[in-house]
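Observations on chain architecture
Here are the chains, one letter per residue:
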Amino acid sequence: MSEAGSPTYESNVFFAQDEMERRSKSTLVRRGADIHRELEEIDYRNPVSVIDPSLGFQSRTLRCFVNRVAPAREQERSEGWKERKGAGGGTHLGHRHTVEAVIYFLQGKGYSVVNGVRYDWKAGDFICIPVFAWHRHVNTGDEPTVHLAVVSVPFHKAIGLSVFEDEQYPEQWIFASPESFSGESLVPGAADTGVADEEWQGNSLASEVYRREVEFAVAEEAERQHSEVLVRGEDLDFQPTPLGGETAYVVHPDLGFNARVLATYVQRLRQGEASARHRHMYEEAVYVLQGSGHSRIGDQEVTWGPGDVLFVPPLTWHEHHAGDEARLLTHTNYPLTRNIGLSITQHG
Ligand SMILES: [Fe+2]
Ligand SMILES: [Fe+2]
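Residues numbered from 1 in each chain as written. Chains lettered and ligands numbered in written order. Predicted model: local features only at pLDDT ≥ 70, side-chain atom pairs only at ≥ 80, totals over all residues. Heavy atoms only, no water.

1. Side note on the side chain of His135
Within the element layout of this structure, His135 appears in strand S9 (residues 135-139). Engagement of the side chain of His135 in a polar contact is seen with the backbone oxygen of Ala133, the distance being 2.8 Å. The contact partners of His135, leaving out residues within four places of it in the chain, are Leu93, Gly94, His95, Arg96, His97, Val113, Val114 and Ile129. (Helix = DSSP H or I, 4+ residues; strand = E, 2+ residues; numbered from the N terminus. Polar contact = N/O pair within 3.5 Å; in protein donor to acceptor, adjacent residues only side chain to side chain. Contact = heavy atoms within 4.5 Å.)

Structure representation (structure tokens):
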């Protein structure tokens, strides 16, 4: 910082190595036993943080947490539930957010209503929530459901665009209005661009560039509404790749998902098998679904077992060694790095 307190040019030059230093000191693992213990201690309304900058992880985009949903009978006893279900018994709204979210159901069964469409799920399935889609999760079993969620809150907060609108806090809404309780559009005024036809000045290039800008939101929203949502665990298609073992991509922009920030895959390693050593610009949260083993992350070695979660900071060489047959669920911000032109993956 200069004497006046404004950033110096040198602070830009020094940032990268300083960030490397911060990455090398990042927390790398969250133990499943600790997550479970904390889950037992807090009430339903609060998630347990798994990967988050506040826990010492050098994550700039990803936040992971584990949360539960009470059986519907218990929800129905809670104040306001009947009214919130809406006329006709539909379970719309819930909440929505500008951040991306991918949910993996660890335990239980139920359904989610996403943009008014019901998706039934059980443990082992995934739900990818499109940006700003109203959604609600309902537990149809007798026991609490448990899910692991990854969201892009740290990134969206950094750019000032993290918006959560919840049916319980309509006074906090900034896009929807309490008068239009079923409003489903992120775009105020929806398809109305606010520009009258005669205002488009001829066919000038500048006018066309501006037209694309003002029309983007509506087109993007239409695309989002066709995004894939549900992926069933039994439909995962494991295929060999140079990364080692077999990989099933779950959420990915190349697979019909309107995913601009987050991607998800599951890797299967046989007993004694190792993944290829690689590094990339994106950060990674790796949840151990099954098996035990160890990983090399940078110059550290981390052992893992079922329920543990590893964090791989950007540009950090890493490889996973399976002691017995393992399944690793990995969330990344690969699409984000691609969208800003900074996706580099180096293999071997
Ligand atoms: Fe959500
Ligand atoms: Fe990786």
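Let us keep going from here.
2. What about the coordination of the iron ion (ligand 1)?
At the metal site, the iron ion (ligand 1) is ligated by His95 (NE2), His97 (NE2) and His135 (NE2), and these contacts range over 2.1 to 2.2 Å. Here the donor residues for the iron ion (ligand 1) map to a single chain with the spacing H-x1-H-x37-H. Highlighted residues: His97 in strand S4 (residues 95-97) and His135 in strand S9, separated in sequence by 38 residues. (Donors = N, O, S within 2.8 Å, 3.2 Å for Na, K, Ca; no water.)

3. Quick notes on the coordination of the iron ion (ligand 2)
Geometry reference: four tetrahedral donors at a metal, ideal angle 109.5 degrees. Six octahedral donors, ideal angles 90 or 180 degrees. The iron ion (ligand 2) binds to the protein through His278 (NE2), His280 (NE2), Glu284 (OE) and His318 (NE2); the donor distances cover 2.2 to 2.3 Å. The site at the iron ion (ligand 2) holds 4 donor atoms, and with the angles between them running 84 to 147°, its shape is irregular. Written as a sequence motif, the donor arrangement for the iron ion (ligand 2) is H-x1-H-x3-E-x33-H. Of this pair, Glu284 sits in strand S17 (residues 284-290) while His318 sits in strand S21 (residues 318-322); the two residues are 34 residues apart in sequence, bridging distant segments of the chain. His318 shares its class with Glu284; the two are buried. (Tetrahedral: all angles 85-135°; square planar, octahedral: opposite > 155°, others 65-115°. Buried < 20%, exposed > 50% of the residue type's maximum accessible area, 1.4 Å probe, protein only.)

4. Observations concerning the nonpolar core
Residues Val50, Ile51, Phe126 and Leu236 are the most contacted members of the largest nonpolar core, which totals 34 residues. Excluding residues that lie within four positions of it along the chain, Ile51 makes contacts with Phe57, Ser59, Leu62, Arg63, Cys64, Ala285, Val309, Leu310 and Phe311. In terms of nonpolar packing, the next biggest core, distinct from the first, is built from 14 residues, Ala101, Ile127, Ile129 and Val229 among them. (Core = buried A, V, L, I, M, F, W, Y, C linked by side-chain atoms within 4.5 Å.)

5. Let's talk about unusual backbone geometry
With a phi angle near 60°, Phe132 is a residue other than glycine that sits in the positive phi range. Of note, Phe132 is situated in the loop between strand S8 (126-129) and S9. Under the relative-accessibility criterion, Phe132 is labelled buried at 2%. Here the phi dihedral of Leu315 falls at roughly 60°; this positive angle occurs in a residue that is not glycine. In this fold, Leu315 is placed in the loop between strand S20 (309-312) and S21.

6. Details of helix H6 (residues 205-225)
Over its 21 residues, H6 runs 30 Å from end to end, which matches the ideal 30 Å to within 8%, given 1.5 Å per residue. The sharpest bend along H6 measures roughly 45° and falls at Phe216. All of the buried residues along H6 are Ser207, Glu220, Glu221 and Arg224. (Expected span 1.5 Å × (residues − 1). Bend = angle between axes of the 7 residues up to and from the residue.)

7. Structural notes on the sheet that holds S8
Taking strand neighbours across the sheet as the criterion, the 6 strands line up as S2-S3-S10-S5-S8-S12 in an open arrangement whose pairing is antiparallel. At either margin of the open sheet sits one strand with a lone partner, and together these are strand S2 (48-51) and strand S12 (230-231). With 6 bridges connecting them, strand S5 (residues 101-107) and strand S10 (residues 145-151) associate as antiparallel partners. Along S10, the bridge assignment pairs Gln107 with Val146. (Pairing = 2+ DSSP bridges.)

8. Considerations on the pairing of S17
With 5 of 7 residues buried, S17 is to be regarded as a mostly interior element. With 4 bridges joining them, S17 and S20 adopt antiparallel strand pairing. When the bridges of S20 are listed, Ala285 appears paired with Phe311.

9. Let's talk about the packing of aromatic side chains
Under the definition given, this model contains 6 aromatic pairs. Ring geometry for Phe57 and Phe311: centres 5.8 Å apart, planes at 75°, overall edge-to-face. Of this pair, Phe57 sits in the loop between S2 and strand S3 (63-69) while Phe311 is found in strand S20, placing the two residues 254 residues apart along the sequence. By relative accessible area, which is 0% here, Phe311 ends up buried. Ring geometry for Tyr104 versus Phe126: centroids 4.8 Å apart, planes at 50°, classification tilted. Highlighted residues: Tyr104 in strand S5 and Phe126 in strand S8, separated in sequence by 22 residues. For Tyr104, a relative accessible area of 11% puts it in the buried group. (Phe/Tyr/Trp six-rings, centres within 6.5 Å; stacked < 30°, edge-to-face > 60°.)

10. Concerning a nonpolar patch on the surface
On the surface, a nonpolar cluster with roughly 360 Å² of combined accessible area is contributed by Tyr9, Val13 and Phe14. The class for Tyr9 is exposed, based on a relative accessible area of 61%. (Patch = residues over 30% accessible without salt bridge, like charges linked within 9 Å, V, L, I, M, F, W, Y side chains within 5 Å. Areas by Shrake-Rupley, 256 points an atom, 1.4 Å probe, with all protein chains shown as cover. Salt bridge = Lys/Arg side-chain N within 4 Å of Asp/Glu carboxyl O.)

11. Quick word on the sheet that holds strand S14 (residues 246-251)
The antiparallel open sheet is built from 7 strands, whose spatial order is S1-S20-S17-S22-S15-S14-S13. The two strands at the open ends of the sheet, each matched to only one other strand, are strand S1 (29-30) and strand S13 (239-240). By the bridge criterion, 5 bridges tie S14 to strand S15 (residues 263-269) in an arrangement that is antiparallel. By the bridge assignment for S15, Ala248 is matched with Val266.

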